[in-house]
There are 2 protein chains.
Amino acid sequence: MSKKPSLYTCLSPALLHLYDITDTVVVVIDVLRATSTIATALYNGARQIIPVDSVERCIQYGREIDCITAGERDGQIAPGLQYGNSSFEYPREFVQGRTLVLTTTNGTKLLHMALNRGAREIITGAFLNLSAVCDHLVAQKKNVILGCAGWKDRVNLEDTLFAGAVVSRIREHFHVNCDASGMARNLYELAQDDLFGFMQHNEASHYHRLMGFGLERDIRHCLTPDLANILPYYQDARLVPFAG
Amino acid sequence: MSKKPSLYTCLSPALLHLYDITDTVVVVIDVLRATSTIATALYNGARQIIPVDSVERCIQYGREIDCITAGERDGQIAPGLQYGNSSFEYPREFVQGRTLVLTTTNGTKLLHMALNRGAREIITGAFLNLSAVCDHLVAQKKNVILGCAGWKDRVNLEDTLFAGAVVSRIREHFHVNCDASGMARNLYELAQDDLFGFMQHNEASHYHRLMGFGLERDIRHCLTPDLANILPYYQDARLVPFAG
């Protein structure tokens, strides 16, 4: 019998150093809303997404190449950029064949941390591409870290729930000796019949922040499985659909 | 109407820097088993507990003053020390009136971190003294951080469940804008009818480690509310029963 690969859940970027990620597939999770936007744009035909870690660098790209510059700071479109972090801003007729340069508060940061720490492979996950993520992880048979982007290094509910959804679906294929994975799974299984209601009735700070911006439709969309079921794969400093 | 104080849950010592703790009561939580042992020893009449951060320092105290030296490393009695980290080692006939010098893997470390970061007040919490902790926090009307000691900076289930028990009981008295608190509360409310069974059937790495040492009776004891319902309070480099 072959040994199962390991699966860990890292609830905050500030805990990533506790895990050896060198031979590992890292799933970057930023449900509200970076990795939801990434899945949507690629699903709708964007050629590639370049994640960058500052607004300045995003603006610079906009001057140098033909691209859409987008990003948020504290949940709103960053000054100097054209677009924000809502899936609804990236329909097929707008993004098909184009390059999106994206900077976000938490997701981009975690992606670069995973890169710098030598992850074998980086993909991004959100409810919108839940099945694609799960199918890939099961097929790869490599060690996995589910990396929650959180909010300024604090743990957040929505990323934890997504990690829990993945654990719930694929744990039979992995060796899971990780309390955070069990916690995430239990929370997801408790919430799965009404993810929006669970966010609403619990302490979910970023949910409440976005609701304050009038983004209920956006949040509901981001909590719906498989509406943009594609696998964003990090390669040569950009995210592209996984080609197998 | 007066503003309610805030309540946050910090799931790992490696996240403590994210919180301003200067005007805050920090509850140090290390259910398996440092803070359970602390509650038990004080409940059974120990005069004081001196938490130290190394085995060497613990041994040194043993040479210099009349005390019981105790502590664990990786869940077992540390070489050179007399006693371990089981509540059952500290009955009244043994500890009454005595000084216990204690070093543990995770709990002592978090306590010193809270101290160095300028916490206003430090107390310790475990299921064994759940009510004493809750009553104190409600009475104090100060900002609260529930600090989980975890396991080598990783999140663990038992400390999270205890934090959730506290949140569940006292949240009406606080302003809780903290996803980790909501997660902990939901997990506790899911588990509360059978905490031992919940630990058993979930990924709970330290539970399984201690079970491997034959410590089921110890774990069951540590998951029982209010068996040693006293409030350990940090003052002048030692823990003593809170005097009001």
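Whatever comes next refers back to the structure up there.
Worth saying up front: this structure is predicted, and the values here are computed from it rather than measured.

Undergrad: Would you take a moment to explain the relation of the copies chain B and chain A for this structure?
TA: Copy one and copy two of the chain differ by a rotation about a common axis and a shift along it. Once chain B is rotated about the relating axis by 180° and shifted along it by 0.0 Å, it coincides with chain A to within an RMSD of 0.0 Å. The superposition operator between the copies reduces to a two-fold rotation axis.

Undergrad: Help me out: how do you make sense of helix 7 (residues 179–191) of chain A in this one?
TA: Structural remark: α-helix, 3.6 residues per turn; residues separated by three or four positions point the same way. Compared with the 18 Å implied by 1.5 Å per residue over 13 residues, the 18 Å span of helix 7 of chain A between its first and last C-alpha is a close match. Of all 13 residues in helix 7 of chain A, 11 are buried, a share of seventy percent or more.

Undergrad: Help me out: how do you make sense of the packing of aromatic side chains in this one?
TA: Given two aromatic rings, one states the distance between the centres and the angle between the planes to describe the pair. Inspection of every chain in the model, using the stated rule, returns 14 aromatic pairs over all chains. Ring centres 4.9 Å apart and planes at 45° place the aromatic pair Tyr 233 of chain A and Phe 242 of chain A in the tilted group. Judged by centre distance (5.3 Å) and plane angle (85°), the rings of Phe 127 of chain B and Phe 162 of chain B are edge-to-face. Here Phe 162 of chain B lies in helix 6 (residues 157–170) and Phe 127 of chain B lies in the loop between strand 7 (121–125) and helix 5 (130–140), a separation of 35 residues in the sequence. One aromatic cluster in this structure is built from Tyr 83, Tyr 90 and Phe 94 of chain A. Here the basic side chain of Arg 209 of chain B rests over the ring of Trp 151 of chain B, its NZ or CZ set 3.9 Å away from the ring centre. It is Arg 220 of chain B that lies over the ring of Phe 196 of chain B; its NZ or CZ is 3.7 Å from the centre.

Undergrad: Teacher, can you tell me more about the interface of chain B and chain A here?
TA: When the parts of a complex come together, some accessible area is lost, and that lost area is often used as the size of the interface. Of the residues lining the interface, 32 residues belong to chain B; the matching set on chain A comes to 32 residues. Across the chain B to chain A interface the summed buried area is about 2700 Å²; carbon plus sulfur atoms make up 58%. Considering only the side of chain B, the residues that lose the most area to chain A are Asp 179, Met 183 and Glu 203 of chain B, jointly responsible for 28% of the buried surface there. Counting across the interface, chain B meets chain A through zero salt bridges. Inspection of the chain B/chain A interface yields 10 residue pairs in polar contact (both at pLDDT 80 or more). Of all the elements in the fold, those that place two or more residues in the side of chain B that touches chain A are helix 6 and helix 7 (179–191) of chain B. The greatest single-element share of the side of chain B that touches chain A, amounting to seven residues, is contributed by helix 7 of chain B.

Undergrad: Explanation requested: the environment of Thr 37 of chain B in the structure shown.
TA: All names here are of chain B. If you trace the backbone, Thr 37 turns up in helix 1 (residues 34–43). Classification of Thr 37 by relative accessible area gives buried; the value is 0%. Each C-alpha atom, one on Thr 37 and one on Ala 126, is 9.0 Å from the other, the two residues being 89 residues apart in sequence.

Undergrad: Whenever I open this one, the pairing of strand 9 (residues 232–235) of chain B confuses me. Can you help?
TA: Sheet faces and side chains relate simply in a regular strand, where the side chains alternate between the two faces. Residue and element names in this part refer to chain B. In this structure, strand 9 lies alongside strand 10 (residues 238–241), joined through four bridges in antiparallel fashion. Paired with Pro 232 across the strands is Pro 241, a residue of strand 10. A loop of two residues connects strand 9 with strand 10, the two strands running antiparallel in sequence, and Asp 236 in this loop sits at a positive phi of about 50°.

Undergrad: Would you mind showing me how to read the packing of helix 7 of chain A against helix 7 of chain B here?
TA: If you want to describe how two helices pack, look at the angle between their axes and the distance between the axes. Direction vectors running N to C along helix 7 of chain A and helix 7 of chain B enclose 75°, while the axes themselves pass 10 Å from each other. What the angle tells us is that helix 7 of chain A and helix 7 of chain B run roughly perpendicular. For the pair helix 7 of chain A and helix 7 of chain B, contact is made by Met 183, Asn 186, Leu 187 and Leu 190 of chain A and by Met 183, Asn 186, Leu 187 and Leu 190 of chain B, respectively. Across the contact of helix 7 of chain A with helix 7 of chain B, the residue classes tally to six nonpolar, two polar and no charged.

Undergrad: How should the side chain of Asn 156 of chain A be read in this particular structure?
TA: Looking at where Asn 156 of chain A falls in the secondary structure, it is placed in the loop between strand 8 (143–148) and helix 6 (157–170). A polar contact is formed between the side chain of Asn 156 of chain A and the backbone nitrogen of Asp 159 of chain A, at a distance of 2.9 Å. Every residue in contact with Asn 156 of chain A, bar those within four places of it in the chain, is listed here: Gly 150 and Trp 151 of chain A together with Asp 179 and Met 183 of chain B.

Undergrad: Explanation requested: helix 1 (residues 34–43) of chain A in the structure shown.
TA: Residue and element names in this part refer to chain A. Counted residue by residue, helix 1 has nine buried out of 10 residues, so it is predominantly covered. Residues of helix 1 that are buried: Ala 34, Thr 35, Ser 36, Thr 37, Ile 38, Ala 39, Thr 40, Ala 41 and Leu 42. Trailing helix 1 by a residue or two, Gly 45 shows a phi angle of about 100°, which is positive.

Undergrad: How do you make sense of the packing of helix 6 of chain B against helix 7 of chain B when you look at a structure like this?
TA: Residues and elements named next belong to chain B. Where helix 6 contacts helix 7, the two axes come as close as 7 Å, and the packing angle between them is 95°. One element, helix 6, and the other, helix 7, form an angle in the roughly perpendicular class. Mapping the contact onto sequence places Thr 160, Leu 161, Ala 163, Gly 164, Ala 165, Val 167 and Ser 168 in helix 6 and Ser 181, Ala 184, Arg 185, Leu 187, Tyr 188, Glu 189 and Ala 191 in helix 7. Considering only residue class, the contact of helix 6 with helix 7 consists of eight nonpolar, four polar and two charged.

So, how was this worked out
- Residues numbered from 1 in each chain as written.
- Chains lettered and ligands numbered in written order.
- Predicted model: local features only at pLDDT ≥ 70, side-chain atom pairs only at ≥ 80, totals over all residues.
- Heavy atoms only, no water.
- Least-squares fit on C-alpha atoms with pLDDT ≥ 70 in both.
- Helix = DSSP H or I, 4+ residues; strand = E, 2+ residues; numbered from the N terminus.
- Expected span 1.5 Å × (residues − 1).
- Buried < 20%, exposed > 50% of the residue type's maximum accessible area, 1.4 Å probe, protein only.
- Phe/Tyr/Trp six-rings, centres within 6.5 Å; stacked < 30°, edge-to-face > 60°.
- Lys NZ or Arg CZ within 6 Å of the ring centre and 35° of its normal.
- Contact = heavy atoms within 4.5 Å.
- Buried area = accessible area lost by both parts, 1.4 Å probe.
- Salt bridge = Lys/Arg side-chain N within 4 Å of Asp/Glu carboxyl O.
- Polar contact = N/O pair within 3.5 Å; in protein donor to acceptor, adjacent residues only side chain to side chain.
- Pairing = 2+ DSSP bridges.
- Axes fitted to C-alpha atoms, helices over the stretch in contact; angles between N-to-C directions.
- Parallel < 35°, antiparallel > 145°, perpendicular 65-115°, else oblique.
- Nonpolar A, V, L, I, M, F, W, Y, C, P; charged D, E, K, R; others polar.

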